[in-house]
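# Report on the structure
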Amino acid sequence: MSRAVLAIGSNLGDRAAHLRTAVAVLGRCVRHVSGVYETPPWGDTEQPSYLNAVVLAADPAAAPRDWLERARACEAAAGRERDPARRFGPRTLDVDVIAVWDADGRPVVSDDPYLTLPHPRAHLRAFVLRPWLDLEADGELPGHGPLAALLNAPELAGDVAAMTPRPDLSLESTT
Ligand SMILES: Nc1ncnc2c1ncn2[C@@H]1O[C@H](COP(=O)(O)OP(=O)(O)OP(=O)(O)O)[C@@H](O)[C@H]1O
Ligand SMILES: Nc1nc2c(c(=O)[nH]1)N=C(CO)CN2
């Protein structure tokens, strides 16, 4: 399995530093990192705003579950703590596996709760679609279609309008 789109987000502590931690932990499999967006909290509005970005990653040796394990390693490195009472609550670092393609370029589809692919809520999240679109203008979310069309959906208009580019923040790894 070779290619993955990963979404990274943080709304606690030094948010930009946590995103940089994710890029550093992912290491050599990172191919492209999007710009950073300031985004209003989605799903649980009583929490601080997030910084969000998207990473395009590739590793010929990685199976789908390896991407989830790497995502969890990133979260652990940023001291992520889970609050079972708040499904979409605040966190130092969230790394979601948005989509994976196999070595032949076919999207991996899975309804396994441990790793559902594509991510079941990605098509509803401007904070995933917009930075991904910046990296891949012709990108498509498997099973849902072109990113540009998904972002133009009326349901996302408010979220798209409310997110702000943060060109002052770079996720270049310093290691
Ligand atoms: N594509 C996926 N990416 C990340 N986690 C996934 C995926 N599919 C299933 N999971 C499972 O989801 C569970 C909850 O993950 P997590 O705590 O990161 O969710 P969340 O970030 O609060 O919500 P969301 O997944 O909607 O962003 C994990 O135990 C993980 O195994
Ligand atoms: N803006 C924004 N909102 C969220 C985010 C996120 O990364 N960005 N992650 C969440 C975890 O499920 C819940 N809500």
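Each residue is numbered by its place in its chain's sequence as written, counting from 1. Here every chain gets a letter starting at A, and every ligand a number starting at 1, in the order they are written. Only residues with pLDDT of 70 or above have their local features reported here, since the model is predicted, and side-chain atom pairs are shown and tallied only from 80 upward, although totals for entire chains, interfaces and linings are computed over all residues.

Quick note on the threshold: UniProt positions are given in the numbering used here, feature names are shortened, and annotations may be inferred rather than shown by experiment.
Per an unreviewed UniProt entry, the recorded name for the chain is 2-amino-4-hydroxy-6-hydroxymethyldihydropteridine diphosphokinase, and the organism is Actinoplanes teichomyceticus. Comment text from UniProt for the chain, heading Pathway (unreviewed entry), reads "Cofactor biosynthesis; tetrahydrofolate biosynthesis; 2-amino-4-hydroxy-6-hydroxymethyl-7,8-dihydropteridine diphosphate from 7,8-dihydroneopterin triphosphate: step 4/4." Quoted verbatim from the Catalytic activity (unreviewed entry) heading of the UniProt record, the comment on the chain is "6-hydroxymethyl-7,8-dihydropterin + ATP = (7,8-dihydropterin-6-yl)methyl diphosphate + AMP + H(+)".

### What about the overall build of the chain?
Heads up, the rule is: Each helix is a run of H or I in the DSSP string that is no shorter than four residues. Each strand is a run of E no shorter than two, and both are numbered from the N terminus. Here the globule rule reads 2.2 Å times residues to the power 0.38, and the radius of gyration is calculated from C-alpha atoms. With C-beta atoms placed from the backbone, a residue is labelled by how many other C-beta atoms lie within 10 Å of its own: buried for 20 or more, exposed for 12 or fewer, partly exposed between the two. Contact between two residues is assigned whenever their backbone-derived C-beta positions fall within 7 Å.
The helix and strand inventory of the chain stands at 5 helices and 10 strands. Its C-alpha atoms give the chain a radius of gyration of 15 Å, within 12% of the compact-globule value 16 Å for 175 residues. Within the chain, buried positions represent 36% of all 175 residues. Pairs at least 24 residues apart make up 70% of the contacts formed inside the chain by residues separated by at least 6 positions.

### Regarding the site of ligand 2
Selection rule: In this text, near has one meaning. A residue is near a molecule or strand if its C-beta atom, placed using the backbone, is within 6 Å of it. Amino acid classes used here: Ala, Val, Leu, Ile, Met, Phe, Trp, Tyr, Cys and Pro are nonpolar; Asp, Glu, Lys and Arg are charged; the rest, including Gly, are polar.
Inspection of the region around ligand 2 gives Gly9, Thr39, Pro40, Pro41, Trp42, Gly43, Tyr50, Asn52, Phe88, Asp94 and Phe127 as its neighbouring residues. Tallied by class, residues from the shell around ligand 2 come to 6 nonpolar, 4 polar and 1 charged.

### A closer look at helix 1 (residues 15–26)
For clarity, the threshold we go by: In this analysis, the expected span of each helix is defined as 1.5 Å times one less than the number of residues it contains.
For helix 1, spanning 12 residues, the distance from its first C-alpha to its last is 17 Å, which sits close to the expected 16 Å at 1.5 Å a residue. Across the 12 residues of helix 1, 9 count as buried, placing the element largely inside the fold. Three or more residues of helix 1 are buried, namely Arg15, His18, Leu19, Arg20, Thr21, Ala22, Val23, Val25 and Leu26.

### Observations concerning the UniProt feature "domain: 7,8-dihydro-6-hydroxymethylpterin-pyrophosphokinase" (unreviewed entry) in the chain
Sites flagged by UniProt as "domain: 7,8-dihydro-6-hydroxymethylpterin-pyrophosphokinase" (unreviewed entry) map to residues 87–98. Between the end C-alpha atoms of residues 87–98 there is a gap of 18 Å, over a span that is 0% helix and 42% strand.

### Re the nonpolar core
The test is simple: Nonpolar core, as used here: buried Ala, Val, Leu, Ile, Met, Phe, Trp, Tyr and Cys residues forming one set through C-beta atoms within 7 Å.
If you look at the biggest cluster of nonpolar residues, it comprises 41 residues, and the most contacted ones within it are Leu6, Ile8 and Ala22. Elements supplying a minimum of two residues to this core: strand 1 (3–10), helix 1, strand 4 (50–58), helix 2 (64–77), strand 5 (94–101), helix 3 (126–135) and helix 4 (147–151). When residues of this core are assigned to their parent elements, the largest contribution, 6 residues, is made by strand 4.

### Side note on helix 2
What counts is decided by this rule: Throughout, the arc means the angular range of directions from the helix axis out to the C-beta atoms.
Between its terminal C-alpha atoms helix 2 stretches 21 Å, which fits the 20 Å expected from 14 residues at 1.5 Å a residue. For helix 2, the full list of buried residues reads Trp67, Arg70, Ala71, Cys74 and Glu75. Projected down its long axis, helix 2 shows its buried positions confined to an angular sector of 140°, all on one face. Every exposed residue of helix 2 that faces more than 90 degrees away from the buried side is listed here: Arg72 and Ala76. On its buried side, helix 2 packs onto strand 1, helix 1 and strand 5.

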